[in-house]
Every structure is written in C-alpha cells, then in structure tokens.
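Fold and geometry: a report
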Amino acid sequence: MRTHTLRALTMLDTPRYPDDFNHFIYAEPGAPKQGALRTAEVGTFHNLTPFILQQSSVQVWLVYEQLFTSPRDDPLSSYPLIAQSAEIAQDKSFVIFHLNPLARWHDGILISSEDVVFTFKTLCNHDKAIPYFRSAFRDVKSVEAIDQHQVKFHLFPDSEINLPFLIASMHILPAHYYETREFGKSSMELPVGSGPYRVSQVLPGRRIVYERVRDYWARDLPTRRGLYNFDRWVVDYYRDTNAKAQAFMAGLSDIVYEFNPMRWLAYDAFPDKAEHRLIKVQSRLQGALGSMNFAFNLRCPPFDNRLIRDAITQLFDFEWINRVLMGGWAERNHSRFPNSELAAQSHPSAAEIELLLPWKGSIRDETLQREFALPVSDGTGYQRQQRRKAFELFAQAGYALHQGSLVNGTGKPLSVEIITASSDFRNVVLAFVTSLRRAGIDARLRIIDVPQFERRSRVDFDFDMTFQFFGTTDLPGPEQEFYWGSRFAYERYTVNIPGIQDPVVDDLIGRIRRATSRKELIPAIRALDRVIAWNEYLLSGWYMATSHYAYWDRFGRADVRSEQEADRPLGSPAIEAWWAK
C-alpha cells in the first residue's frame, strides 16, 4: 500500500508552519528560564488522575505530552511532539506514527509504542475512562505496536477525515506506571508524565505546584522551543470568583481573567504595586467559542414539552441583562458554534436542506424555511411582547394563571429550580428567576458545589434546569454524539446534559462522522445546529467574543507588543510563552 509521510496534520488546505520551522511565532527561543507564575482557579480538587470519570485537577497539558500538538495561531493543524511524523495510507486505511526516540517519561524511561497502545486501549475500553474517547475513536479498527518506535492504527473504511488529527492529539499515559496501579481510581499520588512540568507539591483542595523539568526531553523541539519558561507554575484554588479577584488584587496571583464588568472597572482605581504596574488587556477571540447556557432536563415533564421550553425562553430578557448587568460585554448565542463558520447562518443552504428534507414531518417546518431567531426585547425590562407570547405558549401547553400561580389542568403549579456550580453571573440568573416568578412560576436558584452539581446533572439527572458553560470546537467530529446523542442521554457522567434523544440529531451526527472533507462537514454541522436550536433543547444564553484579562507587569511576552490586542490572531494570552523578567 502506498503511503505519504507528513510532519504536519491539518484540516486546512495547508498548515501555517513549514516542515523546517524553528519555533512558533509567539514564542521567544532566547527567553530566560526562571521565576514563577501564580495562577488561580475556582473550586477545589480531590483527584490528580487524568481522563477518568472523577474530575481531575491536574493540568494535563503541563504534565502529559501528545503525539502531535496544535499551536495557538493554527489550531486546525498539529505538529510533531512525541511522534516525529505520521505516515498515512493512500486509501486512508491506516496511519503509522513514528515516535521520537528521545521522548521519555519523567522517571527516565523511554516512551514507546507500547505506551501509545496502552493509552488508546485503556481510554477506549475501560469503563471508568471518560466516554468521550469511545465516541471520538470509534472508527479505529485496531492498534498495534510495529516496533518500539512505530505504532499503527487501522481505520475503518469511510472513517472521518479528521481521525488521524484526533488520534495525534491524544495525551499519552505511561504503561509501566499503571502496571502497579489501577486506572480509573481517583488518587492524590503525584503522577508520572512526559511534559515540561512535573507535580512537585500538593495541598489537597487548595494548591498544586508544578516544577519545570530541567532535562525536559522536548525543550529544543520546534514545537516547544521558547515555551514553558517558568521554574514553578503555582495554581491556587479559591472559593469563588470574588475571592479569586481579591487574591489577584492582593498580589497573590499574577493574572486574572475577568467576566464581570463591574470588577473590571474597579481595577482602574486599584493602585499599582510598588514594583509592578497593572496591565489590562482586551483581546478579540478567534474561532468557535464556548457559551453560557441553560439546559432543560428533557428526561422529565414538563420540560419534555417544547412549548414549555419556548415559553420559558421568552422570559429571558437578554437585552436588559446585557445592558444593565453585563455592561454590553455579551453577545447573544444563537448557535452551538458561535463566532465561527460552523454556526447556522441565515436561511438553510441547499446542502443543509438536502440533509434535513428526509426528516420533514419529524422536524419543525421552520427548520427548513428560515433562520432561527431568539426573542428580542426593547431592553427596558418590561418584556411586554415576550410575556404575551409566553402566556400564549403556556396556554397551548395546558397551563393558566390561577390566583397568581401558573398551573396545569390538574392544578399543579409550574416549578423550576435552576442549579449551578458557580456564583458567577448570580445576578443574571436571579434576574431571570424574578422574570419567571412574575409570570406565576415557582422559580428558584440553587448554587451548589462542583461535586454535587456534577452528580445531579450528569449522574442522577436530578434537576429542572442547569446554568453552566458549554464548550465547543472548530473541529467537530464523532465526539458530538457524546454531547447530543441518544446513546449518551442516560450515560453516567454524560455531557449530554439535556438528555437529548432525537433520531434526527443522531442521523446528523452520523453524517458529521462520515464527512470526508470540510466542505461536507460544514453543512452537516449547521444542520445539527439548526435542529438543536429549533427544538430549544437549551435556553441559549451568551458568549464573550472579547477576552478581558489583567496581569502584573513583571513578564516578558513575544506574543504582543501593545496593550490593545483586538486584531491579534491568538485571542487569549499565550502564557506558556511568557517569561519572568
């Protein structure tokens, strides 16, 4: 079988960097290796084992390396790291990764093809591994170690076009480490990795300290040259975002990402530290962005009724919330892939209609006819038109006002509890709760800790609505089944939070998986986007198209030369390329 060997994998026409590139543009090869970076997270942690059902707090990208890695300025391409190259069959029936013979674990043992085989089989077959991997790699027929430095993945016919790219993104685990340890069991034991940092200190629930590996095997590779320059990377955990912001202002952390416009303005009045000034940056983000949304629990009534979901959506006054509570920072989220070419736009294209037409009668007619649009208020807070529409929809669903309460035909009041694991945007959710109560709904907000939220939303399905962040990607593939597919509606630790069970969605996910080009992928993704939107499985919230962050001016940066970064291609700061002055 004829093959071709690649030193870059890309979903574009060509990768940004040539085969002989020296370093990523945003890195400084001569940056000094010194000092410490102090960052902060919200919450706590009880596990350092990666890729298992119990959430891990280890920064995987600092500790475990991938076969290939994607730079910030070319996320749809990847370049050699553990693997030196990828050899792909002309008929796409297999891909062979040739490993770098210098690659080794922190304990000095060389990384071998057996580690890759172990990682793949464990993540895809172990019942305590994150289900994502079983879905993402379902088109891999088998994997074998050809020799110590060559590993071959056999692919099913008509496998998705980005499968080699996905395989290459896999973080590799040490097989020898798990010979004496049980995978799937949460642990606070310091892990053995292969990345630029090792975990050196842990204060359970409070702090993780990462120490730079002095003899890091990949330090001179083009994909790592000039990156990871701090001797120590300290991550402290705080109760909530207010505490995290206070820690930053007290000089206990070096950088803060801000989503609250009031706190952002408060930084202007904050005095500079004696030795460092405070720098505030606004940077336009690139590509598909995650968003804040409310998820209905479709597994139980009345939220399995689209009319109820539509009526509740009418009562979310985004325009007033954005103007009064969010300082105009937010942009309404009409898509699962906002800020990207993947978002369903305008009327459906001919290619989208071709995919949707076989389901005519099973989908709303509007899906084939026009662009999805969310209700828009005048921003005054009164919502007269939207409230009238909401009551019409409630009436169609069998609900009516009785002595100030919205009740069904049996006299049972409509009750909505919104759960969330963060106090971020508490004022926004409370404004929504107030709007629901004005409509006669018994509405309430409950803020719970992360473990309880994870259990109620992803294991027990004990909720009416959640309020949470939904991530997304510029490179969707078979993993979309994990997020929206019927098979995962009742899977433990699912991320199909609403519990969608829709044959149309399942069919479109299958078409996404079988797409052989970006040209085929985009209509399938947009069609999926339309079906999810028109069925109102989520109450779409908003996304932040601009990143707001502040940091103390004690760092060198190759990725920016000015404080205004609106036109930068990176979006969020490439802190892995910073260095201590």
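Located above this text is the structure these notes cover.
Residues numbered from 1 in each chain as written. Predicted model: local features only at pLDDT ≥ 70, side-chain atom pairs only at ≥ 80, totals over all residues. Heavy atoms only, no water.

Digging into the overall build of the protein chain
Keep this limit in mind: Helix numbering and strand numbering both begin at the N terminus, where a helix is a DSSP run of H or I of at least 4 residues and a strand a DSSP run of E of at least 2. Our radius of gyration is a C-alpha quantity, and the globule rule it is checked against amounts to 2.2 Å times the number of residues to the power 0.38. Three labels apply to residues, based on accessible area from a 1.4 Å probe with only protein chains included: buried if under 20% of the type maximum, exposed if over 50%, partly exposed otherwise in between. The criterion used for residue contact is that any of the two residues' heavy atoms lie within 4.5 Å. All tallies of charge rest on Lys and Arg as positive and Asp and Glu as negative; His and the ends of each chain are not included. A charge is said to be at NZ when it belongs to Lys, at CZ for Arg, at CG for Asp and at CD for Glu.
Along the backbone of the protein chain there are 16 helices and 25 strands. In terms of C-alpha radius of gyration, the protein chain reaches 25 Å, essentially the compact-globule figure of 25 Å for 581 residues. Overall, the protein chain is about 75 × 65 × 45 Å in size when its C-alpha atoms are taken along their principal axes. Counting across all 581 residues of the protein chain, residues that qualify as buried make up 58%. The contacts in the protein chain between residues at least 6 apart in sequence include a share of 74% that link residues at least 24 apart. Positive and negative charge centroids in the protein chain, built from 68 and 70 side chains respectively, lie 3 Å apart.

A look at the sheet that holds strand S11 (residues 207-212)
We count it as follows: Here the rule is simple: two strands pair whenever DSSP picks up at least two bridges between them. Under this scheme, a helix contributes an axis fitted over its contacting stretch, all axes are lines through C-alpha atoms, and angles between N-to-C directions fall in the 0 to 180 degree range.
Strand order across the open sheet formed by 4 strands is S3-S12-S11-S10, with mixed pairing between neighbours. Two strands lie at the open edges of the sheet, namely strand S3 (36-42) and strand S10 (197-203), each paired on one side alone. Taking the axes of each pair of neighbouring strands and ignoring which way they run, one obtains an average angle of 20 degrees across the sheet. Seen against the sheet, helix H5 (residues 241-249) touches S3 and strand S12 (232-238) and runs at an angle of roughly 160 degrees to S3.

What to know about the environment of leucine 12
Tracing the backbone shows leucine 12 in the loop between strand S2 (9-10) and S3. Residues leucine 12 and arginine 336, spaced 324 residues apart in sequence, show a C-alpha to C-alpha distance of 21 Å. Residues in contact with leucine 12, not counting those within four places in the same chain, are Asp74, Leu76 and Ser77.

Brief notes about the side chain of glutamine 468
Its place among the elements puts glutamine 468 in strand S21 (residues 465-470). Under the relative-accessibility criterion, glutamine 468 is labelled buried at 14%. For glutamine 468, the contacting residues outside a window of four places in its chain are Ser291, Met292, Asn293, Phe453 and Ile497.

Some points on the packing of helix H15 (residues 503-514) against helix H16 (residues 518-535)
Defined as follows: By definition in this entry, angles of less than 35 degrees are roughly parallel, angles greater than 145 are roughly antiparallel, angles of 65 to 115 are roughly perpendicular, and the rest are oblique. Here is the rule for handedness: rotate from the far helix to the near one, and if that takes an anticlockwise turn smaller than a right angle the crossing is left-handed, while a clockwise turn gives right-handed. As a working rule, the residues Ala, Val, Leu, Ile, Met, Phe, Trp, Tyr, Cys and Pro are called nonpolar, Asp, Glu, Lys and Arg charged, and the rest polar, with Gly in that last group.
At their nearest, the axes of H15 and H16 sit 9 Å apart, and the two run at 160 degrees to each other. With respect to their mutual orientation, H15 and H16 come out roughly antiparallel. Viewed along their axes, H15 and H16 form a crossing whose handedness is left-handed. Judged by residue contacts, Val504, Val505, Leu508, Ile509, Arg511, Ile512 and Arg514 of H15 engage Glu520, Leu521, Ala524, Ile525, Ala527, Leu528 and Val531 from H16. Split into classes, the residues belonging to the contact of H15 with H16 amount to 11 nonpolar, no polar and 3 charged.

Section: the nonpolar core
Condition: Nine residue types can take part in a nonpolar core, namely buried Ala, Val, Leu, Ile, Met, Phe, Trp, Tyr and Cys, and a core is a set of them joined through side-chain atoms within 4.5 Å.
Ranked by internal contacts, the top residues of the largest apolar core, which has 86 residues, are Leu67, Phe97, Phe137, Phe153, Ile167, Tyr210 and Trp233. Discounting chain neighbours no more than four positions away, the residues touching phenylalanine 137 are Phe120, Cys124, Leu163, Leu166, Ile167 and Met170. Leu298, Phe316, Leu508 and Ile522 belong to the second largest nonpolar core, which has 79 residues in total.

A look at the pattern of salt bridges
For the record, the criterion: Here, a salt bridge means any Lys or Arg side-chain nitrogen found within 4 Å of an Asp or Glu carboxyl oxygen.
In the structure shown here, the tally under the stated rule is 34 salt bridges. One salt bridge connects arginine 16 with aspartate 73, and the closest N-O pair in it is separated by 3.5 Å. Residue arginine 16 is found in the loop between S2 and S3, and its partner aspartate 73 is found in the loop between strand S4 (68-69) and strand S5 (77-80); the two are separated by 57 residues along the sequence. Of the residues examined, arginine 16 reaches a relative accessible area of 41% and is grouped as partly exposed. The salt bridge partner of arginine 284 is glutamate 331, with a shortest N-O separation of 3.2 Å. On the criterion of sequence distance, the pair formed by arginine 284 in strand S14 (residues 278-284) and glutamate 331 in strand S16 (residues 331-332) is long-range, its members being 47 residues apart. Counted as one network, the salt bridges with shared partners bring together Glu417, Asp442, Arg444, Arg446, Arg456 and Asp462.

Regarding the packing of aromatic side chains
In plain terms, the rule: Paired rings are identified among Phe, Tyr and Trp, the last through its six-membered ring, by centres lying within 6.5 Å, and are further divided according to the angle between planes into stacked (under 30 degrees), edge-to-face (over 60) and tilted (the rest). Geometrically, a lysine NZ or arginine CZ counts as sitting over a ring once it is within 6 Å of the ring centre and also within 35 degrees of the ring normal.
Here the structure, examined in full by the defined rule, presents 45 aromatic pairs. The interplanar angle of 80 degrees and the centroid separation of 6.1 Å between the aromatic rings of tryptophan 264 and tryptophan 329 together place this pair among those described as edge-to-face. Highlighted residues: tryptophan 264 in helix H6 (residues 261-266) and tryptophan 329 in the loop between helix H8 (318-324) and S16, separated in sequence by 65 residues. Measuring from ring centre to ring centre gives 5.3 Å for phenylalanine 316 and phenylalanine 432, while their planes differ by 90 degrees; the resulting arrangement is edge-to-face. Here phenylalanine 316, found in the loop between helix H7 (306-314) and H8, pairs with phenylalanine 432, found in helix H12 (residues 426-438); they are 116 residues apart in sequence, far enough to count as distant. Each member of the pair, phenylalanine 316 as well as phenylalanine 432, carries the same accessibility label: buried. Among the aromatic residues, those joined into a ring-pair cluster are Trp61, Tyr197, Tyr228, Phe230, Trp233, Tyr257, Tyr549, Tyr551, Phe555 and Trp578. Lying across the ring of phenylalanine 94, lysine 152 places its NZ or CZ 4.2 Å from the centre.

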